[in-house]
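Summary of structural features
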Amino acid sequence: MDALATTLGDISSVIWGPFVLIPLLLGTGLYLTIRLGGLQFIKLAASLRLGLLKRKDPGAEGDISQFQALTTALAATVGTGNIVGVATAIGIGGPGALFWMWVTGLLGMASKYSEAFLGVRYRGTDTAGEKSGGPQYYLERGIKGPLGKFLALFFAIAATLACFGIGNMTQGNSIAANMENSFNVAPWVTGLVLTVLAMAVLVGGIKSIGKVTAGFVPVMIIFYVAAALYILIVNVADIPAAFAQIFTDAFTGTSAVGGFAGSAIIIAVQFGVARGIFSNESGMGSAAIAAAAAQTTHPVRQGLVSMTQTFIDTIIVVTCTGLVIITTGAWNQIDPETGEQLSAALMTGQAFTYGLPGQWGHWIVTLGLVMFAFSTILGWSYYGERNIERLIGRGAVMPFRVVFSLIVFVGCTTELTAVWNFSDMMNGLMALPNLIGLLIMSGLIARETKWYLKNDPKLEADKAQIEDFMAGRKGWAEWKAGDVIGSSHKRGGEVQEPDPIR
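Bear in mind the structure is a predicted one, so any value in this text is a computation, not a measurement.

1. As for unusual backbone geometry
What you tend to see is this: most non-glycine residues have negative phi, and most peptide bonds are trans. Even without being a glycine, Arg55 presents a positive backbone phi close to 75°. With respect to the secondary-structure elements, Arg55 resides in the loop between helix H4 (44-54) and helix H5 (66-77). For Arg55, a relative accessible area of 37% gives the class partly exposed. Positioned with a positive phi, Leu459 is a non-glycine residue whose angle comes to about 60°. As for its placement among the helices and strands, Leu459 is situated in the loop between helix H20 (442-455) and helix H21 (463-470).

2. Focus on the pattern of salt bridges
The tally for this structure, following the rule as stated, stands at 13 salt bridges. Taking the shortest distance from any N to any O, the salt bridge between Glu385 and Arg386 comes out at 3.3 Å. For the residue pair Glu385 and Arg386, the accessibility class agrees, reading buried in each case. One network of salt bridges, in which partners are shared, links Asp126, Glu130, Glu385, Arg386, Arg394 and Arg401.

3. Quick look at the packing of helix H11 (residues 205-234) against helix H17 (residues 361-391)
Contact pair H11 / H17: the axes reach a minimum separation of 10 Å and the direction vectors enclose 155°. Taken together, the axis directions place H11 and H17 in an arrangement best described as roughly antiparallel. Handedness of the crossing formed by H11 with H17: left-handed. Contacts between H11 and H17 involve Ile206, Ile209, Val212, Phe216, Met220, Ile221, Phe223, Tyr224 and Ala227 from the former and Ile364, Leu367, Gly368, Met371, Phe372, Phe374, Ser375, Leu378, Ser381 and Tyr382 from the latter. Within the contact of H11 with H17, the residues separate by chemical class into 16 nonpolar, three polar and no charged.

4. Quick word on the packing of aromatic side chains
One pass over the structure, following the stated rule, counts 17 aromatic pairs. Ring geometry for Tyr113 versus Phe117: centroids 6.2 Å apart, planes at 25°, classification stacked. Taken together, the residues span about one helical turn, with Tyr113 and Phe117 both in helix H7 (residues 96-121) at a distance of four residues. In terms of burial, Tyr113 and Phe117 fall into one category: buried. Considering the side-chain rings of Tyr452 and Phe469, the 5.5 Å spacing of their centres and the 65° angle between planes classify their relative orientation as edge-to-face. Separated by 17 residues along the polypeptide, Tyr452 in helix H20 and Phe469 in helix H21 bring together distant segments of the chain. For the pair shown, Tyr452 and Phe469 are each scored as buried. Put simply, the rings of Phe99, Trp100, Trp102, Phe243, Phe247 and Phe251 pair up and form one aromatic cluster. Seen from the ring of Phe67, Arg55 lies directly overhead, with NZ or CZ sitting 3.8 Å from the centre.

Cut-offs applied
- Residues numbered from 1 in each chain as written.
- Predicted model: local features only at pLDDT ≥ 70, side-chain atom pairs only at ≥ 80, totals over all residues.
- Heavy atoms only, no water.
- Helix = DSSP H or I, 4+ residues; strand = E, 2+ residues; numbered from the N terminus.
- Buried < 20%, exposed > 50% of the residue type's maximum accessible area, 1.4 Å probe, protein only.
- Salt bridge = Lys/Arg side-chain N within 4 Å of Asp/Glu carboxyl O.
- Axes fitted to C-alpha atoms, helices over the stretch in contact; angles between N-to-C directions.
- Parallel < 35°, antiparallel > 145°, perpendicular 65-115°, else oblique.
- Left-handed = near helix turned anticlockwise from the far one by under 90°.
- Contact = heavy atoms within 4.5 Å.
- Nonpolar A, V, L, I, M, F, W, Y, C, P; charged D, E, K, R; others polar.
- Phe/Tyr/Trp six-rings, centres within 6.5 Å; stacked < 30°, edge-to-face > 60°.
- Lys NZ or Arg CZ within 6 Å of the ring centre and 35° of its normal.

Shown next, in the form of C-alpha coordinates:
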(Lines give C-alpha, C1' and ligand atoms only; values in the text may rest on other atoms or scores of the structure.)
Protein backbone atom coordinates (compact mmCIF):
# COMPACT_ATOMS: atom_id res chain seq x y z
CA MET A 1 0.00 0.00 0.00
CA ASP A 2 2.89 2.36 0.71
CA ALA A 3 4.30 1.72 -2.75
CA LEU A 4 0.88 2.25 -4.32
CA ALA A 5 0.38 5.48 -2.39
CA THR A 6 3.79 6.72 -3.55
CA THR A 7 3.10 5.83 -7.18
CA LEU A 8 -0.31 7.50 -7.15
CA GLY A 9 1.20 10.54 -5.47
CA ASP A 10 3.86 10.79 -8.19
CA ILE A 11 1.24 10.58 -10.95
CA SER A 12 -0.93 13.15 -9.19
CA SER A 13 2.05 15.50 -8.86
CA VAL A 14 2.59 15.38 -12.62
CA ILE A 15 -1.09 15.96 -13.42
CA TRP A 16 -1.35 18.84 -10.94
CA GLY A 17 2.14 20.11 -11.73
CA PRO A 18 3.19 23.32 -13.49
CA PHE A 19 3.10 21.80 -17.00
CA VAL A 20 -0.32 20.11 -17.21
CA LEU A 21 -3.40 21.17 -15.28
CA ILE A 22 -2.21 24.45 -13.75
CA PRO A 23 -1.61 26.23 -17.08
CA LEU A 24 -4.67 24.54 -18.62
CA LEU A 25 -6.96 25.58 -15.75
CA LEU A 26 -5.72 29.15 -15.54
CA GLY A 27 -5.46 29.49 -19.31
CA THR A 28 -8.99 28.19 -19.92
CA GLY A 29 -10.42 30.43 -17.20
CA LEU A 30 -8.61 33.47 -18.60
CA TYR A 31 -9.62 32.68 -22.19
CA LEU A 32 -13.30 32.24 -21.25
CA THR A 33 -13.18 35.41 -19.13
CA ILE A 34 -12.01 37.36 -22.18
CA ARG A 35 -14.50 35.75 -24.58
CA LEU A 36 -17.37 36.36 -22.15
CA GLY A 37 -16.36 39.96 -21.53
CA GLY A 38 -15.58 39.58 -17.83
CA LEU A 39 -19.02 38.11 -17.19
CA GLN A 40 -18.19 37.02 -13.63
CA PHE A 41 -17.45 40.62 -12.63
CA ILE A 42 -20.18 42.58 -14.39
CA LYS A 43 -23.03 40.13 -13.71
CA LEU A 44 -22.11 38.90 -10.22
CA ALA A 45 -24.60 41.07 -8.33
CA ALA A 46 -27.49 40.17 -10.64
CA SER A 47 -26.53 36.50 -10.47
CA LEU A 48 -26.45 36.50 -6.66
CA ARG A 49 -29.87 38.15 -6.62
CA LEU A 50 -31.27 35.55 -9.03
CA GLY A 51 -29.83 32.58 -7.16
CA LEU A 52 -30.12 33.63 -3.51
CA LEU A 53 -33.15 35.92 -3.46
CA LYS A 54 -35.40 34.99 -6.38
CA ARG A 55 -34.32 31.32 -6.16
CA LYS A 56 -36.58 29.91 -8.90
CA ASP A 57 -37.91 30.49 -12.41
CA PRO A 58 -41.73 30.14 -12.39
CA GLY A 59 -43.02 27.71 -15.00
CA ALA A 60 -39.59 26.27 -15.83
CA GLU A 61 -38.93 22.57 -16.36
CA GLY A 62 -36.50 20.62 -14.20
CA ASP A 63 -36.27 18.48 -11.07
CA ILE A 64 -35.15 21.04 -8.47
CA SER A 65 -35.15 24.83 -8.12
CA GLN A 66 -32.22 26.99 -9.17
CA PHE A 67 -31.43 27.58 -5.51
CA GLN A 68 -31.48 23.85 -4.75
CA ALA A 69 -29.16 23.21 -7.70
CA LEU A 70 -26.83 25.88 -6.30
CA THR A 71 -26.87 24.43 -2.78
CA THR A 72 -26.34 20.90 -4.12
CA ALA A 73 -23.24 22.10 -5.96
CA LEU A 74 -22.15 24.03 -2.86
CA ALA A 75 -22.71 20.92 -0.78
CA ALA A 76 -20.31 19.02 -3.01
CA THR A 77 -17.62 21.72 -3.05
CA VAL A 78 -17.68 23.29 0.42
CA GLY A 79 -15.87 20.46 2.15
CA THR A 80 -12.50 19.54 3.59
CA GLY A 81 -10.82 21.71 0.94
CA ASN A 82 -12.17 24.82 2.67
CA ILE A 83 -10.59 23.81 5.99
CA VAL A 84 -7.74 21.34 5.44
CA GLY A 85 -7.04 22.31 1.81
CA VAL A 86 -6.48 25.97 2.65
CA ALA A 87 -4.17 25.03 5.52
CA THR A 88 -2.22 22.70 3.22
CA ALA A 89 -1.74 25.41 0.62
CA ILE A 90 -0.62 28.04 3.14
CA GLY A 91 1.48 25.59 5.19
CA ILE A 92 3.53 24.55 2.16
CA GLY A 93 3.29 27.53 -0.18
CA GLY A 94 3.11 30.28 2.42
CA PRO A 95 0.48 33.05 2.65
CA GLY A 96 1.00 33.86 -1.03
CA ALA A 97 -0.79 30.63 -1.92
CA LEU A 98 -4.06 32.26 -0.83
CA PHE A 99 -3.63 34.86 -3.58
CA TRP A 100 -3.41 32.11 -6.19
CA MET A 101 -6.49 30.47 -4.72
CA TRP A 102 -8.29 33.78 -5.32
CA VAL A 103 -7.02 33.97 -8.89
CA THR A 104 -8.13 30.41 -9.48
CA GLY A 105 -11.56 31.22 -8.07
CA LEU A 106 -12.09 34.43 -10.02
CA LEU A 107 -11.01 32.93 -13.34
CA GLY A 108 -12.75 29.70 -12.43
CA MET A 109 -16.07 31.54 -12.23
CA ALA A 110 -15.99 31.85 -16.04
CA SER A 111 -15.26 28.13 -16.33
CA LYS A 112 -18.02 27.29 -13.84
CA TYR A 113 -20.50 29.45 -15.77
CA SER A 114 -19.55 27.80 -19.06
CA GLU A 115 -19.84 24.21 -17.88
CA ALA A 116 -23.16 24.89 -16.13
CA PHE A 117 -24.49 26.57 -19.29
CA LEU A 118 -23.53 23.53 -21.35
CA GLY A 119 -24.91 21.16 -18.73
CA VAL A 120 -28.37 22.71 -19.08
CA ARG A 121 -28.23 23.30 -22.84
CA TYR A 122 -27.39 19.69 -23.67
CA ARG A 123 -29.33 17.98 -20.90
CA GLY A 124 -31.75 15.16 -21.61
CA THR A 125 -34.45 13.25 -19.77
CA ASP A 126 -33.76 9.71 -18.52
CA THR A 127 -36.20 6.79 -18.45
CA ALA A 128 -37.39 7.82 -14.97
CA GLY A 129 -38.36 11.27 -16.25
CA GLU A 130 -35.47 13.08 -14.52
CA LYS A 131 -33.17 15.59 -16.19
CA SER A 132 -29.67 14.33 -16.77
CA GLY A 133 -26.71 16.34 -17.98
CA GLY A 134 -23.09 17.24 -17.46
CA PRO A 135 -19.77 16.74 -19.30
CA GLN A 136 -20.57 13.04 -19.77
CA TYR A 137 -23.29 14.24 -22.16
CA TYR A 138 -22.39 17.68 -23.45
CA LEU A 139 -18.90 16.66 -24.55
CA GLU A 140 -20.43 14.06 -26.87
CA ARG A 141 -23.47 16.06 -27.98
CA GLY A 142 -21.67 19.34 -28.49
CA ILE A 143 -18.50 17.97 -30.13
CA LYS A 144 -19.39 15.70 -33.01
CA GLY A 145 -17.31 12.71 -34.00
CA PRO A 146 -14.95 10.34 -32.18
CA LEU A 147 -13.28 13.09 -30.13
CA GLY A 148 -16.51 14.10 -28.40
CA LYS A 149 -17.41 10.50 -27.63
CA PHE A 150 -13.96 9.79 -26.25
CA LEU A 151 -13.91 12.88 -24.03
CA ALA A 152 -17.40 12.13 -22.68
CA LEU A 153 -16.59 8.51 -21.90
CA PHE A 154 -13.25 9.45 -20.34
CA PHE A 155 -14.97 11.97 -18.08
CA ALA A 156 -17.74 9.54 -17.07
CA ILE A 157 -15.25 6.86 -16.01
CA ALA A 158 -13.01 9.31 -14.13
CA ALA A 159 -15.98 10.93 -12.37
CA THR A 160 -17.44 7.56 -11.33
CA LEU A 161 -14.13 6.51 -9.79
CA ALA A 162 -13.52 9.93 -8.24
CA CYS A 163 -16.89 10.03 -6.48
CA PHE A 164 -15.94 7.09 -4.27
CA GLY A 165 -12.68 8.79 -3.31
CA ILE A 166 -12.95 12.55 -2.97
CA GLY A 167 -16.73 12.48 -2.63
CA ASN A 168 -17.03 9.61 -0.18
CA MET A 169 -14.22 7.79 1.62
CA THR A 170 -11.91 10.78 2.16
CA GLN A 171 -14.80 12.87 3.49
CA GLY A 172 -15.95 10.13 5.85
CA ASN A 173 -12.38 9.56 7.00
CA SER A 174 -11.94 13.27 7.82
CA ILE A 175 -15.19 13.29 9.81
CA ALA A 176 -14.30 10.15 11.76
CA ALA A 177 -10.75 11.32 12.56
CA ASN A 178 -11.92 14.70 13.82
CA MET A 179 -14.80 13.25 15.83
CA GLU A 180 -12.35 10.89 17.52
CA ASN A 181 -9.79 13.63 18.23
CA SER A 182 -12.30 16.19 19.52
CA PHE A 183 -15.03 14.09 21.14
CA ASN A 184 -13.49 10.59 21.54
CA VAL A 185 -16.13 9.04 19.28
CA ALA A 186 -15.00 5.69 17.89
CA PRO A 187 -14.62 5.72 14.07
CA TRP A 188 -17.00 2.78 13.63
CA VAL A 189 -19.72 4.69 15.49
CA THR A 190 -19.23 7.72 13.25
CA GLY A 191 -19.22 5.46 10.21
CA LEU A 192 -22.46 3.76 11.21
CA VAL A 193 -24.27 7.06 11.85
CA LEU A 194 -23.04 8.62 8.59
CA THR A 195 -24.01 5.54 6.59
CA VAL A 196 -27.56 5.55 7.95
CA LEU A 197 -27.96 9.30 7.42
CA ALA A 198 -26.52 9.15 3.90
CA MET A 199 -28.77 6.29 2.87
CA ALA A 200 -31.85 8.01 4.30
CA VAL A 201 -31.20 11.02 2.07
CA LEU A 202 -29.71 9.42 -1.03
CA VAL A 203 -32.40 6.84 -1.76
CA GLY A 204 -34.76 9.73 -2.46
CA GLY A 205 -32.59 10.97 -5.32
CA ILE A 206 -31.94 14.56 -6.40
CA LYS A 207 -35.24 15.92 -5.06
CA SER A 208 -34.40 14.62 -1.58
CA ILE A 209 -30.81 15.85 -1.84
CA GLY A 210 -32.00 19.26 -3.04
CA LYS A 211 -34.40 19.70 -0.12
CA VAL A 212 -31.77 18.71 2.45
CA THR A 213 -28.99 20.87 0.99
CA ALA A 214 -31.30 23.89 0.58
CA GLY A 215 -31.91 23.88 4.33
CA PHE A 216 -28.55 22.55 5.51
CA VAL A 217 -25.90 24.28 3.38
CA PRO A 218 -26.79 27.93 4.18
CA VAL A 219 -26.81 27.14 7.91
CA MET A 220 -23.42 25.41 7.86
CA ILE A 221 -21.79 28.21 5.84
CA ILE A 222 -23.22 30.97 8.05
CA PHE A 223 -22.17 29.04 11.19
CA TYR A 224 -18.57 28.67 10.03
CA VAL A 225 -18.19 32.13 8.48
CA ALA A 226 -19.67 33.83 11.57
CA ALA A 227 -17.04 32.21 13.81
CA ALA A 228 -14.30 33.23 11.38
CA LEU A 229 -15.57 36.81 11.16
CA TYR A 230 -15.55 37.10 14.96
CA ILE A 231 -11.87 36.18 14.99
CA LEU A 232 -11.10 38.62 12.18
CA ILE A 233 -12.93 41.43 13.97
CA VAL A 234 -10.94 40.74 17.15
CA ASN A 235 -7.72 40.73 15.08
CA VAL A 236 -8.76 43.55 12.74
CA ALA A 237 -5.51 45.43 13.34
CA ASP A 238 -3.58 42.48 11.84
CA ILE A 239 -5.65 42.23 8.64
CA PRO A 240 -3.80 44.92 6.60
CA ALA A 241 -0.47 43.22 7.34
CA ALA A 242 -1.98 39.85 6.40
CA PHE A 243 -3.11 41.18 3.02
CA ALA A 244 0.29 42.77 2.44
CA GLN A 245 1.99 39.47 3.16
CA ILE A 246 -0.42 37.57 0.89
CA PHE A 247 0.23 39.84 -2.09
CA THR A 248 3.98 40.10 -1.47
CA ASP A 249 4.55 36.38 -0.98
CA ALA A 250 2.44 35.52 -4.02
CA PHE A 251 5.24 36.90 -6.22
CA THR A 252 8.31 36.28 -4.08
CA GLY A 253 7.62 32.96 -2.37
CA THR A 254 8.11 32.14 1.29
CA SER A 255 8.09 29.08 3.51
CA ALA A 256 6.37 28.25 6.74
CA VAL A 257 8.27 27.14 9.84
CA GLY A 258 9.37 23.57 9.30
CA GLY A 259 9.02 23.90 5.53
CA PHE A 260 11.83 24.09 3.04
CA ALA A 261 13.77 27.36 3.15
CA GLY A 262 13.12 29.91 0.43
CA SER A 263 10.11 28.20 -1.10
CA ALA A 264 9.96 29.38 -4.71
CA ILE A 265 7.03 31.21 -6.23
CA ILE A 266 6.11 28.12 -8.23
CA ILE A 267 5.29 26.31 -4.99
CA ALA A 268 2.89 29.07 -3.96
CA VAL A 269 1.28 28.98 -7.41
CA GLN A 270 1.13 25.18 -7.58
CA PHE A 271 -0.46 24.64 -4.19
CA GLY A 272 -2.67 27.71 -4.47
CA VAL A 273 -4.13 26.55 -7.78
CA ALA A 274 -4.34 22.85 -6.88
CA ARG A 275 -6.00 23.47 -3.51
CA GLY A 276 -8.20 26.16 -5.07
CA ILE A 277 -9.57 23.70 -7.60
CA PHE A 278 -9.86 21.05 -4.88
CA SER A 279 -12.02 23.53 -2.99
CA ASN A 280 -14.27 25.04 -5.69
CA GLU A 281 -14.02 22.41 -8.49
CA SER A 282 -14.17 25.04 -11.23
CA GLY A 283 -13.23 23.46 -14.54
CA MET A 284 -13.80 19.91 -13.30
CA GLY A 285 -17.30 19.79 -14.76
CA SER A 286 -18.93 18.36 -11.65
CA ALA A 287 -21.21 21.32 -10.90
CA ALA A 288 -22.69 21.09 -14.40
CA ILE A 289 -24.32 17.82 -13.35
CA ALA A 290 -26.28 19.54 -10.59
CA ALA A 291 -27.04 22.53 -12.83
CA ALA A 292 -28.63 20.23 -15.42
CA ALA A 293 -31.35 19.26 -12.93
CA ALA A 294 -32.40 22.86 -12.29
CA GLN A 295 -35.79 24.36 -13.15
CA THR A 296 -34.67 27.18 -15.40
CA THR A 297 -36.13 29.08 -18.32
CA HIS A 298 -32.77 29.43 -20.11
CA PRO A 299 -29.30 27.83 -19.85
CA VAL A 300 -27.67 31.25 -19.36
CA ARG A 301 -29.69 31.90 -16.22
CA GLN A 302 -28.63 28.69 -14.51
CA GLY A 303 -25.06 29.19 -15.66
CA LEU A 304 -24.98 32.54 -13.87
CA VAL A 305 -26.53 31.08 -10.72
CA SER A 306 -23.99 28.23 -10.71
CA MET A 307 -21.17 30.73 -11.18
CA THR A 308 -21.93 32.25 -7.78
CA GLN A 309 -21.05 28.94 -6.14
CA THR A 310 -17.34 29.51 -6.85
CA PHE A 311 -17.60 33.05 -5.46
CA ILE A 312 -19.20 31.82 -2.24
CA ASP A 313 -16.79 28.91 -1.87
CA THR A 314 -13.49 30.62 -2.64
CA ILE A 315 -13.91 34.35 -2.20
CA ILE A 316 -15.95 34.03 1.00
CA VAL A 317 -15.33 30.71 2.81
CA VAL A 318 -11.74 30.06 1.71
CA THR A 319 -10.79 33.69 2.38
CA CYS A 320 -12.22 33.49 5.90
CA THR A 321 -10.22 30.34 6.64
CA GLY A 322 -7.02 31.71 5.13
CA LEU A 323 -7.17 35.06 6.92
CA VAL A 324 -7.86 33.37 10.27
CA ILE A 325 -4.82 31.12 9.78
CA ILE A 326 -2.59 34.06 8.82
CA THR A 327 -3.78 36.71 11.32
CA THR A 328 -3.56 34.31 14.27
CA GLY A 329 -0.08 33.17 13.20
CA ALA A 330 -1.10 29.50 13.16
CA TRP A 331 0.51 29.01 9.73
CA ASN A 332 3.92 29.68 11.26
CA GLN A 333 3.59 27.81 14.58
CA ILE A 334 5.44 24.77 15.88
CA ASP A 335 3.61 21.69 17.12
CA PRO A 336 4.96 21.22 20.69
CA GLU A 337 4.55 17.43 20.46
CA THR A 338 6.50 16.93 17.23
CA GLY A 339 8.70 20.03 17.14
CA GLU A 340 7.65 20.57 13.52
CA GLN A 341 5.26 22.87 11.71
CA LEU A 342 1.60 22.30 12.56
CA SER A 343 0.05 19.79 10.18
CA ALA A 344 -2.74 20.93 7.88
CA ALA A 345 -5.18 18.80 9.86
CA LEU A 346 -4.37 20.76 13.04
CA MET A 347 -3.56 24.20 11.65
CA THR A 348 -7.09 25.53 11.11
CA GLY A 349 -8.33 24.12 14.43
CA GLN A 350 -5.41 25.73 16.23
CA ALA A 351 -6.07 29.03 14.48
CA PHE A 352 -9.66 29.05 15.71
CA THR A 353 -8.48 28.08 19.21
CA TYR A 354 -6.08 31.05 19.19
CA GLY A 355 -8.79 33.39 17.96
CA LEU A 356 -11.83 32.36 20.04
CA PRO A 357 -12.23 32.63 23.82
CA GLY A 358 -11.44 29.50 25.83
CA GLN A 359 -10.17 26.26 24.32
CA TRP A 360 -13.14 25.28 22.19
CA GLY A 361 -12.07 26.77 18.86
CA HIS A 362 -11.06 23.37 17.49
CA TRP A 363 -14.57 22.11 18.28
CA ILE A 364 -16.00 24.78 15.98
CA VAL A 365 -13.68 23.60 13.23
CA THR A 366 -14.58 19.96 13.88
CA LEU A 367 -18.31 20.68 13.68
CA GLY A 368 -17.75 22.78 10.58
CA LEU A 369 -15.73 20.02 8.95
CA VAL A 370 -18.38 17.41 9.86
CA MET A 371 -21.10 19.50 8.21
CA PHE A 372 -18.99 20.41 5.19
CA ALA A 373 -17.78 16.86 4.59
CA PHE A 374 -21.21 15.25 5.03
CA SER A 375 -22.74 17.71 2.57
CA THR A 376 -19.96 16.83 0.12
CA ILE A 377 -20.96 13.17 0.38
CA LEU A 378 -24.53 14.07 -0.56
CA GLY A 379 -23.54 16.24 -3.52
CA TRP A 380 -21.01 13.81 -4.95
CA SER A 381 -23.42 10.90 -4.70
CA TYR A 382 -25.58 12.66 -7.28
CA TYR A 383 -22.57 13.29 -9.52
CA GLY A 384 -21.69 9.61 -9.30
CA GLU A 385 -25.18 8.32 -10.06
CA ARG A 386 -25.54 10.53 -13.15
CA ASN A 387 -22.30 9.11 -14.54
CA ILE A 388 -23.35 5.56 -13.66
CA GLU A 389 -26.58 6.26 -15.52
CA ARG A 390 -24.51 7.39 -18.52
CA LEU A 391 -22.27 4.31 -18.46
CA ILE A 392 -24.69 1.54 -17.50
CA GLY A 393 -28.23 2.86 -17.51
CA ARG A 394 -30.96 4.06 -15.17
CA GLY A 395 -31.38 0.61 -13.64
CA ALA A 396 -27.99 0.89 -11.94
CA VAL A 397 -28.84 4.13 -10.09
CA MET A 398 -30.60 2.70 -7.01
CA PRO A 399 -27.97 -0.04 -6.41
CA PHE A 400 -25.33 2.67 -6.75
CA ARG A 401 -27.01 4.81 -4.06
CA VAL A 402 -27.00 1.87 -1.63
CA VAL A 403 -23.39 0.89 -2.35
CA PHE A 404 -22.25 4.52 -2.14
CA SER A 405 -23.86 4.83 1.30
CA LEU A 406 -22.21 1.63 2.57
CA ILE A 407 -18.76 2.71 1.38
CA VAL A 408 -19.00 5.73 3.68
CA PHE A 409 -18.49 3.27 6.55
CA VAL A 410 -15.35 1.90 4.87
CA GLY A 411 -13.93 5.39 4.58
CA CYS A 412 -14.55 6.12 8.25
CA THR A 413 -12.76 3.00 9.47
CA THR A 414 -9.83 2.62 7.05
CA GLU A 415 -6.43 4.27 6.57
CA LEU A 416 -6.65 6.20 3.30
CA THR A 417 -3.26 7.53 2.24
CA ALA A 418 -3.49 5.82 -1.15
CA VAL A 419 -7.13 6.87 -1.56
CA TRP A 420 -6.26 10.55 -1.03
CA ASN A 421 -3.59 10.37 -3.75
CA PHE A 422 -5.96 8.42 -6.01
CA SER A 423 -8.64 11.06 -5.48
CA ASP A 424 -6.31 13.90 -6.46
CA MET A 425 -5.34 11.97 -9.58
CA MET A 426 -8.94 11.25 -10.63
CA ASN A 427 -9.97 14.87 -10.00
CA GLY A 428 -7.29 15.92 -12.43
CA LEU A 429 -8.36 13.33 -14.99
CA MET A 430 -11.95 14.65 -14.74
CA ALA A 431 -10.80 18.18 -15.44
CA LEU A 432 -8.71 17.37 -18.53
CA PRO A 433 -11.51 16.34 -20.95
CA ASN A 434 -13.85 18.98 -19.58
CA LEU A 435 -11.38 21.83 -20.06
CA ILE A 436 -10.63 20.68 -23.60
CA GLY A 437 -14.36 20.64 -24.29
CA LEU A 438 -14.87 24.13 -22.88
CA LEU A 439 -12.18 25.50 -25.19
CA ILE A 440 -13.66 23.78 -28.24
CA MET A 441 -17.21 24.96 -27.46
CA SER A 442 -16.24 28.45 -26.30
CA GLY A 443 -17.65 30.01 -29.49
CA LEU A 444 -21.08 28.55 -28.84
CA ILE A 445 -20.97 29.61 -25.19
CA ALA A 446 -19.96 33.20 -25.99
CA ARG A 447 -22.45 33.58 -28.85
CA GLU A 448 -25.49 32.36 -26.93
CA THR A 449 -24.51 34.21 -23.76
CA LYS A 450 -24.16 37.54 -25.56
CA TRP A 451 -27.50 37.07 -27.30
CA TYR A 452 -29.33 36.35 -24.07
CA LEU A 453 -27.76 39.18 -22.07
CA LYS A 454 -28.38 41.62 -24.92
CA ASN A 455 -32.11 40.94 -24.45
CA ASP A 456 -32.17 40.47 -20.66
CA PRO A 457 -29.22 42.42 -19.19
CA LYS A 458 -30.66 42.60 -15.66
CA LEU A 459 -31.84 38.95 -15.54
CA GLU A 460 -35.39 40.09 -14.85
CA ALA A 461 -37.19 38.63 -17.90
CA ASP A 462 -40.04 36.22 -17.24
CA LYS A 463 -40.80 33.08 -19.22
CA ALA A 464 -43.04 34.88 -21.76
CA GLN A 465 -40.45 37.58 -22.43
CA ILE A 466 -37.72 34.99 -22.92
CA GLU A 467 -39.98 33.13 -25.35
CA ASP A 468 -40.40 36.33 -27.38
CA PHE A 469 -36.73 37.13 -27.92
CA MET A 470 -35.67 33.47 -28.28
CA ALA A 471 -38.36 32.61 -30.85
CA GLY A 472 -36.73 31.30 -34.02
CA ARG A 473 -33.29 31.06 -32.42
CA LYS A 474 -31.51 27.93 -33.63
CA GLY A 475 -32.00 25.01 -31.25
CA TRP A 476 -34.46 26.86 -28.99
CA ALA A 477 -37.56 24.87 -29.93
CA GLU A 478 -35.77 21.56 -29.38
CA TRP A 479 -34.37 22.62 -26.00
CA LYS A 480 -37.74 23.94 -24.85
CA ALA A 481 -39.40 20.67 -25.86
CA GLY A 482 -36.97 18.74 -23.67
CA ASP A 483 -35.02 17.17 -26.50
CA VAL A 484 -31.24 17.28 -26.54
CA ILE A 485 -29.81 19.90 -28.88
CA GLY A 486 -27.32 18.39 -31.25
CA SER A 487 -27.92 14.78 -30.23
CA SER A 488 -29.21 13.78 -33.69
CA HIS A 489 -31.81 11.54 -32.06
CA LYS A 490 -35.31 11.21 -33.42
CA ARG A 491 -38.31 13.21 -32.29
CA GLY A 492 -41.59 12.76 -34.06
CA GLY A 493 -39.90 10.66 -36.72
CA GLU A 494 -37.45 13.38 -37.75
CA VAL A 495 -33.74 13.46 -37.07
CA GLN A 496 -32.75 16.73 -35.40
CA GLU A 497 -29.86 18.52 -37.01
CA PRO A 498 -26.85 19.02 -34.74
CA ASP A 499 -26.15 22.50 -33.42
CA PRO A 500 -22.81 23.50 -34.95
CA ILE A 501 -19.88 24.70 -32.88
CA ARG A 502 -18.61 28.13 -33.93
